[in-house]
Amino acid sequence: MRIAVLASADSWYARDLARAAVGRCELAVLPFAELSAELGAGNGVTCGGRRLEELEAVLVRTMPPGSLEQVVFRMDGLAALEAAGALVVNPPKAIEAAVDKYLAAHRLARAGLLVPRTVVCQTAEEGMAAFAHLGGDVVLKPLFGSEGRGITRINDEALALRAFRMLEQLGAVLYLQEYVAHEGADLRLFVLGEQVLGMRRINPHDWRTNVSRGARTEPLAVTPELAELAHRAARAVGAVVAGVDLLPAADGRLYALEVNAVPGWKALASTLNLDVAALLLEYVRNALRK
């Protein structure tokens, strides 16, 4: 089994997959920056000098920043590979949907999951109206991004106006969600095909529960109800491997915050004492057999 991993060579996840691949498969770590395509006699997609159609599967482990043209081309290249019969994990359409917070939240809501009240707009004036509509206590998020980067809680009208005006001048979209009161913990569910792994992330010092923000973790017993929610969230964006974040609110309701189509597993693996990289490679092997 020959697999390409689109990732930075110094990525922890690339190294972990390379470790798990020993004795299991041939693995090539390739950078998105070297992705290229040709139409005509040499029809195909290559990366780092490797013709990707000649490999059985492509694992997408990163989506590095780039211009709109670069990002669109990367997705087009993955779509071309998928059309040629290669197994791409996750499918490009899933990555496109999950990376866009508004589109992902819209899909989650349509799938019947509870999401925080959300307003997406483009002007400071509309932002201030949304700030009032959402109760004057909001979480401002970048439309693209993960691991809590760029997320800010705002409950001051003057600060809200200043932030919204700055973002409007930058040509950014204002993505606002009501702040959901909680007990300082959320649930991370890792979907791997039919399997669902889970951990609880707890942060008594910050309303954000990302491990990158200092949260500690503990194993979570995944009930059939939680597994069903995780699968429904993954299906909503078309992902076969996904990280689903659920927030138990102080009022007892369970909110779906996000679904990540390029989910990390470093904290999950250590929390559960599992070789998640090996499980992922085994999933790819079984998918190829089907």
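Residues numbered from 1 in each chain as written. Predicted model: local features only at pLDDT ≥ 70, side-chain atom pairs only at ≥ 80, totals over all residues. Heavy atoms only, no water.

What follows covers the side chain of Asp 100. Locating Asp 100 in the fold gives a position in the loop between helix H3 (92-99) and helix H4 (101-110). Lys 101 provides the closest opposite charge to the buried, unpaired Asp 100, separated from it by 8.5 Å. (Helix = DSSP H or I, 4+ residues; strand = E, 2+ residues; numbered from the N terminus. Buried < 20%, exposed > 50% of the residue type's maximum accessible area, 1.4 Å probe, protein only. Lys, Arg positive; Asp, Glu negative; His and termini not counted. Salt bridge = Lys/Arg side-chain N within 4 Å of Asp/Glu carboxyl O.)

As a further point, take the sheet that holds strand E5 (residues 50-51). If you trace the three strands from one edge of the open sheet to the other, you get E3-E4-E5, paired in antiparallel fashion. Looking along the sheet, the strands with just one partner apiece sit at the ends: strand E3 (35-38) and E5. Sheet topology note: the E3/strand E4 (residues 44-47) ladder contains four bridges and is antiparallel. Within E4, the position partnered with Glu 38 by the bridge is Gly 44. With respect to the sheet, helix H2 (residues 68-83) is in contact with E3 and E4, its orientation differing from that of E3 by roughly 60°. (Pairing = 2+ DSSP bridges. Contact = heavy atoms within 4.5 Å. Axes fitted to C-alpha atoms, helices over the stretch in contact; angles between N-to-C directions.)

Turning next to the nonpolar core. Ranked by size, the top nonpolar core spans 45 residues in total, and within it Leu 52 and Leu 78 carry the most contacts. Of the residues forming this core, the biggest block, eight residues, is contributed by helix H7 (residues 224-237). Once you skip the residues sitting within four places of it in the chain, Leu 78 turns out to touch Leu 6, Phe 32, Val 58, Val 60, Val 88, Pro 92 and Ile 95. With 27 residues, the next largest nonpolar core counts Val 5, Ala 7, Ala 20 and Leu 280 among its residues. (Core = buried A, V, L, I, M, F, W, Y, C linked by side-chain atoms within 4.5 Å.)

This part is about the packing of H3 against H4. Packing of H3 against H4 brings their axes to within 5 Å, and their N-to-C directions diverge by 100°. Between H3 and H4, the crossing angle belongs to the class labelled roughly perpendicular. Packed against H3, whose contacting residues are Glu 96, Ala 97, Ala 98 and Val 99, the element H4 presents Lys 101, Leu 103, Ala 104 and Arg 107 at the interface. For the contact of H3 with H4, a count of residues per class yields five nonpolar, no polar and three charged. (Parallel < 35°, antiparallel > 145°, perpendicular 65-115°, else oblique. Nonpolar A, V, L, I, M, F, W, Y, C, P; charged D, E, K, R; others polar.)

With that settled, the discussion passes to helix H1 (residues 12-21). Of all the residues in H1, the buried ones are Tyr 13, Ala 14, Asp 16, Leu 17, Ala 20 and Ala 21. Mapping the buried residues of H1 onto a view down its axis gives an arc of 165°, with all of them on the same face. For H1, the elements touching its buried residues are strand E1 (2-6), strand E2 (26-30), strand E6 (57-60), helix H8 (266-272) and helix H9 (276-289). The N-cap residue of H1 is Ser 11: its side-chain oxygen and the backbone nitrogen of Tyr 13 are 3.1 Å apart. Just downstream of H1 lies Gly 23, where phi reads positive at about 80°. (Arc of directions from axis to C-beta. Polar contact = N/O pair within 3.5 Å; in protein donor to acceptor, adjacent residues only side chain to side chain.)

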